[in-house]
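# Topology and contacts: notes
The lines below spell out each chain.
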Amino acid sequence: MRLAWHTGFASHARARYGGLGCIVMLHRVRPDCVSPLGVTRSLSITPDFLDTVLSSLKEEGTEFIAMDEMSERLSQGARPGAGRFVAVTLDDGYGDNLHHAQPVFQKHNVPFTIYAAPGLVEGAAVLWWEVVEQLVARSEHVRIPGGPEWRCRTMLQKRTAFHALMRHFSYVLSEVEQLPVLRQMCAEAGMICGVAAERDVMSWRELKQIAGDPLCTIGAHTVHHYNLRKLPPELVSIEMEQSADMIEDRLGKRPRHFAYPYGSVKAAGRREARLAAELGFVSAVTTRHGTIHPEHRASMFSLPRISINGRFQKLVYAQTMMSGATTPMANAGRRVIQA
Ligand SMILES: [Zn+2]
């Protein structure tokens with residue numbers, strides 16, 4: 001990526017693959033990395049890095065727009081012009097968004113959208129991947145009840161066990177089995193099945209506070225942060241619709257934008273895109289890699305994003321990805337992937 005930027009490839013790519021701009025995806029924004037095994041580092045960037053990226057985009061003349069504006073321009077048939085736009089989004093509603101990210105957005109007057117899952121806010125769901133990491137970090141041995149087990153004394157063993165557990169939770173267990181299984185594993189390890197308050201998601205009071213900022217849009221992200229493709233059809237629409245109902249009830253404004261949890265092709269397909277449209281959302285974002293093009297007008301419910309994450313905390317990487325230079329690499333040469 002560094003080579004692509006310095007050889008000027010990224011600026012050529014911007015003309016062909018940069019399109020109208022991009023939707024940036026963030027998760028945690030905090031000064032310290034909270035991943036004891038380093039395995040969820042990709043979900044975190046520092047406020048300083050966010051500041052650097054926004055400053056650099058501003059210098060390039062990028063226009064920062066909210067998701068409402070992005071959807072409107074796209075559906076009205078915007079064509080690539082001189083200036084490009086960036087819409088910033090943050091998934092899951094981490095507490096650090098309020099404490100560390102909002103001040104940076106305010107400093108630069110940059111609109112941002114937070115996709116919140118009410119089940120995470122109310123404790124009906126947990127940030128299970130973080131609990132799995134903590135469980136492995138503090139155990140010498142972990143076992144899936146009635147299933148496989150792993151020794152985890154060394155860092156290498158711990159990382160191996162973590163990735164095996166992630167696969168087991170993601171693909172072997174059903175969505176509704178995850179939490180009871182994790183609770184049992186935590187109980188056996190003498191640990192509470194949850195994350196520390198300072199690392200958790202925002203409470204309703206905090207969400208209300210940040211939603212009061214005119215720069216902030218709150219979007220929906222299901223109730224229980226389930227992988228929708230793993231659910232039966234009736235549950236999919238309940239998860240999508242109720243998350244919007246609950247947010248409207250608590251914050252007084254119905255979310256118009258949606259983000260699919262996990263957001264890969266394995267978690268969001270045509271069925272989910274059709275339901276998002278039927279339920280009245282205006283847009284829905286995936287975690288698929290790509291910039292935004294006029295053709296996405298026909299794919300408002302499977303929009304790609306550019307993840308700015310902890311593994312690539314260098315300005316040159318962010319610039320290269322946002323130029324669209326990495327879009328064809330991630331999508332077998334295609335600019336636009338339709339669901
Ligand atoms: Zn999420």
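Structure first, text after, so check above.
Report follows, based on the coordinates.

Rules used in this analysis
Within each chain, residues carry numbers counting from 1 in the order of the written sequence. Local features in a predicted model are, by the rule used here, given only for residues with pLDDT of at least 70; side-chain atom pairs are given and counted only at 80 or more, and totals for whole chains, interfaces and linings are based on all residues. Heavy atoms throughout the structure, all of them, feed into the side-chain values; hydrogens and water do not. Burial here depends on accessible area, computed with a 1.4 Å probe over protein chains only, as a share of the maximum for the residue type. Under 20% is buried, over 50% is exposed, and the range in between is partly exposed. The helix count covers DSSP runs of H or I at least four residues long, the strand count covers runs of E at least two residues long, and both are numbered beginning at the N terminus. Any two residues having at least one pair of non-hydrogen atoms within 4.5 Å are treated as being in contact. Note on donors: an N, O or S atom is included if it sits within 2.8 Å of the metal, or within 3.2 Å for Na, K and Ca, and water is never included, so sites can look incomplete. Put simply, buried Ala, Val, Leu, Ile, Met, Phe, Trp, Tyr and Cys residues joined by side-chain atoms within 4.5 Å make one nonpolar core. When a carboxyl oxygen of Asp or Glu is within 4 Å of a side-chain nitrogen of Lys or Arg, the pair counts as a salt bridge. Note that His is not counted, nor are the chain ends; the positive residues are Lys and Arg, and the negative ones are Asp and Glu. Each axis is a line fitted through C-alpha atoms, taken for helices only over the stretch in contact, and angles between the N-to-C directions span 0 to 180 degrees. For classification, angles of less than 35 degrees are called roughly parallel, those exceeding 145 degrees roughly antiparallel, those between 65 and 115 degrees roughly perpendicular, and all remaining angles oblique. Left-handed describes a crossing in which the near helix is turned anticlockwise from the far one by less than a right angle; the clockwise case is right-handed. Following the grouping adopted for this structure description, the nonpolar residues are Ala, Val, Leu, Ile, Met, Phe, Trp, Tyr, Cys and Pro, the charged ones are Asp, Glu, Lys and Arg, and the polar ones are all others, Gly among them. DSSP-based pairing: two strands are paired if at least 2 bridges between them are found. If you view a crossover with the strands going away from you and the path from the first strand over the helix to the second runs clockwise, you call it right-handed.

Attention now goes to helix H7 (residues 128–138). The element H7 is largely enclosed, with a buried count of nine among its 11 residues. Of the positions making up H7, those classed as buried are Trp128, Trp129, Glu130, Val131, Val132, Glu133, Gln134, Leu135 and Val136. Looking at the packing, one finds that the buried side of H7 touches strand S2 (28–29), strand S7 (141–143), helix H8 (155–172) and helix H9 (175–188).

Let us now look at the coordination of the zinc ion. Around the zinc ion, the protein supplies Asp92 (OD), His221 (NE2) and His225 (NE2) as donor atoms, at distances of 2.1 Å. Counting residues between consecutive donors of the zinc ion along the chain gives the motif D-x128-H-x3-H. With Asp92 in the loop between strand S5 (85–91) and helix H5 (95–108) and His221 in the loop between strand S9 (216–220) and helix H11 (233–251), this residue pair connects regions lying 129 residues apart in the sequence. Exposure remark for Asp92: the relative accessible area of 5% places this residue in the buried category.

Turning our attention to the nonpolar core. Within the largest apolar cluster, 67 residues are counted, with the highest numbers of intra-cluster contacts made by Leu26, Phe105 and Tyr260. Non-local contacts of Phe105, meaning those with residues more than four positions away in its chain, are made with Leu26, Leu50, Leu54, Val88, Leu90, Val110, Phe112 and Leu215.

One pass over the full model with this rule turns up 17 salt bridges. Notably, a salt bridge pairs Arg28 with Glu130, separated by 2.8 Å at the nearest N-O pair. Of this pair, Arg28 sits in strand S2 while Glu130 is found in helix H7, placing the two residues 102 residues apart along the sequence. The partner of Asp245 in a salt bridge is Arg254, and the shortest N-O contact between them spans 2.9 Å. Judged by relative accessible area, which is 34%, Asp245 ranks as partly exposed. A residue is classified by how much of its surface remains accessible, and Arg254, at 31% relative accessible area, is partly exposed. Several salt bridges converge on common partners, so that one network encompasses Arg28, Asp96, Glu130 and Arg199.

Time to look at the side chain of Glu206. Position of Glu206 relative to the elements: it lies in helix H10 (residues 204–211). Arg205 is the oppositely charged side chain nearest to the buried, salt-bridge-free Glu206, at an N-O distance of 4.5 Å. In this view, Glu206 contacts Leu98, His99 and Val201; residues no more than four positions away in its chain are not counted.

Two elements in contact, helix H3 (residues 47–59) and H5, have axes whose closest approach is 10 Å; the angle formed by their N-to-C orientations is 20 degrees. Taken together, the axes of H3 and H5 lie roughly parallel to each other. Between H3 and H5 lies a crossing of right-handed hand. Contacts from Pro47, Leu50, Asp51, Leu54, Ser55 and Lys58 in H3 reach His100, Ala101, Val104, Phe105, Lys107 and His108 in H5. Per-class residue counts for the contact of H3 with H5 are six nonpolar, three polar and three charged.

Here His108 is to be found in helix H5. Residue classification places His108 among the buried residues on the basis of a relative accessible area of 7%. Setting aside its immediate chain neighbours within four residues, His108 contacts Asp51, Leu54, Ser55 and Lys58.

Another point: the pairing of strand S11 (residues 283–289). Of all seven residues in S11, five are buried; the element is thus mostly enclosed. Of the pairings in the sheet, the one linking strand S10 (residues 257–259) to S11 comprises three bridges and is parallel in character. Along S11, the bridge assignment pairs His257 with Ser283. Handedness of the crossover joining S10 and S11 through helix H12 (residues 270–278) is recorded here as right-handed. In the sheet, S11 pairs with strand S12 (residues 303–307) via two bridges, with the strands oriented parallel. When the sheet's bridge partners are listed, Val285 is paired in S12 with Leu303.

Without other data, these values stay purely geometric and don't point to any function.
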